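Here's the letter readout for the chains.
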Amino acid sequence: MEYIKKFFKAIDSIFEKFTLVALVSLIFIVTTQVMTRKLFNFVFFWSEEITLLLLAWFAFMSIAIGFRENIHLGIDSFTNLFPKSFNKVLDKIISATIFAFGFYLIVQGWEFTKLTMESTLPATKLPSSITYVAMPITGIMICGYSLLQFFNINTTRHKDVEEGM
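Every value quoted in this text rests on a predicted model; they were computed, and no experiment measured them. (Residues numbered from 1 in each chain as written. Predicted model: local features only at pLDDT ≥ 70, side-chain atom pairs only at ≥ 80, totals over all residues. Heavy atoms only, no water.)

**Q** Would you mind showing me how to read the overall build of the chain here?
**A** The secondary structure content of the chain amounts to six helices and zero strands. Starting at the N terminus and walking to the C terminus, you meet the elements of the chain as α-α-α-α-α-α. For 165 residues, the compact-globule estimate of 2.2 N^0.38 gives 15 Å, and the chain exceeds it by more than 25% at 19 Å. Principal axes of the C-alpha set define a box for the chain whose edges measure 65 × 35 × 35 Å. Here the chain holds 165 residues, and 31% of them are scored as buried. Considering only intrachain contacts with a sequence separation of at least 6, the fraction spanning at least 24 residues in the chain is 72%. As displayed, the chain has an accessible area near 11,600 Å², and 72% of this comes from carbon and sulfur atoms. Each charge class in the chain can be summarised by its mean position, and for the 14 positive and 13 negative side chains these summaries are 4 Å apart. (Helix = DSSP H or I, 4+ residues; strand = E, 2+ residues; numbered from the N terminus. Rg over C-alpha atoms; globule rule 2.2 N^0.38 Å. Buried < 20%, exposed > 50% of the residue type's maximum accessible area, 1.4 Å probe, protein only. Contact = heavy atoms within 4.5 Å. Areas by Shrake-Rupley, 256 points an atom, 1.4 Å probe, with all protein chains shown as cover. Lys, Arg positive; Asp, Glu negative; His and termini not counted. Charge placed at Lys NZ, Arg CZ, Asp CG, Glu CD.)

Here it is in structure tokens:
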């Protein structure tokens, strides 16, 4: 059991590090793009395309990390009016709904990825599917997190993050 936890924690760490690299790269490329445009009236031909690619990847992977950390939108003031037993059932329903959303991303994201495999991005000549493959990967991670949460396994890794920032 310990090996399984280490394996999934390693995958989760790689997923999170890739998300951070995408964000830092996005910031660096946009900053460089703005500076070269303003200072030298020059723009790298690939910068806008790579920016959009990184933005798509970062956005989808951040969705999964948000579900992992339980920082998605919730209305606690309403659910606190109900008894704890009702809230426990509601938490299971929420986990099942999140799993269904992740499964939807897997199925529809893969179909969309297959549709775009033949086309290429104009500037970098990368396959267009590289943008959309983030959807099924995010769906797999969301399904994993929601299953763990359904069985009351804590998936949060950053416990020092304050609520209501």
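**Q** Can you help me understand the pattern of salt bridges in this one?
**A** Pairing between side chains of opposite charge can happen when the charged atoms of each approach one another. Taken as a whole and judged by the stated rule, the model has six salt bridges. Two residues, arginine 68 and glutamate 16, come together in a salt bridge whose shortest N-O distance is 2.9 Å. Of the two residues, arginine 68 is situated in helix H2 (residues 47–68) and glutamate 16 in helix H1 (residues 2–40); the sequence distance between them amounts to 52 residues. Pair check on accessibility: arginine 68 and glutamate 16 agree, each one buried. In this structure, glutamate 111 and lysine 114 form a salt bridge, with 3.4 Å as the shortest nitrogen-oxygen distance. One end of the pair, glutamate 111, and the other, lysine 114, are both in helix H4 (residues 84–115), three residues apart, so they sit about a helical turn from each other. Salt bridges sharing partners connect three or more residues here, namely Asp12, Glu16, Arg68, Glu69 and Arg157. (Salt bridge = Lys/Arg side-chain N within 4 Å of Asp/Glu carboxyl O.)

**Q** Would you mind going over the layout of surface pockets with me for this structure?
**A** In this approach a probe as big as a water molecule rolls over the atoms, and the regions it shows empty are the leftover space. Taken as a whole, the second largest pocket spans an internal volume of roughly 660 Å³. Forming the boundary of the second largest pocket are 20 residues, of which Lys5, Phe8, Lys9, Leu148 and Ile153 lie nearest the centre. Those elements giving two or more residues to the lining of the second largest pocket turn out to be H1 and helix H6 (134–150). A per-element tally of the lining of the second largest pocket places H1 first, with seven residues. (1 Å grid on protein atoms, 1.4 Å probe; cavity = no way out; pocket = protein on both sides within 12 Å on 5 of 7 lines; lining within 4 Å. Points joined across faces, edges and corners; volume = space filled by probe spheres on them.)

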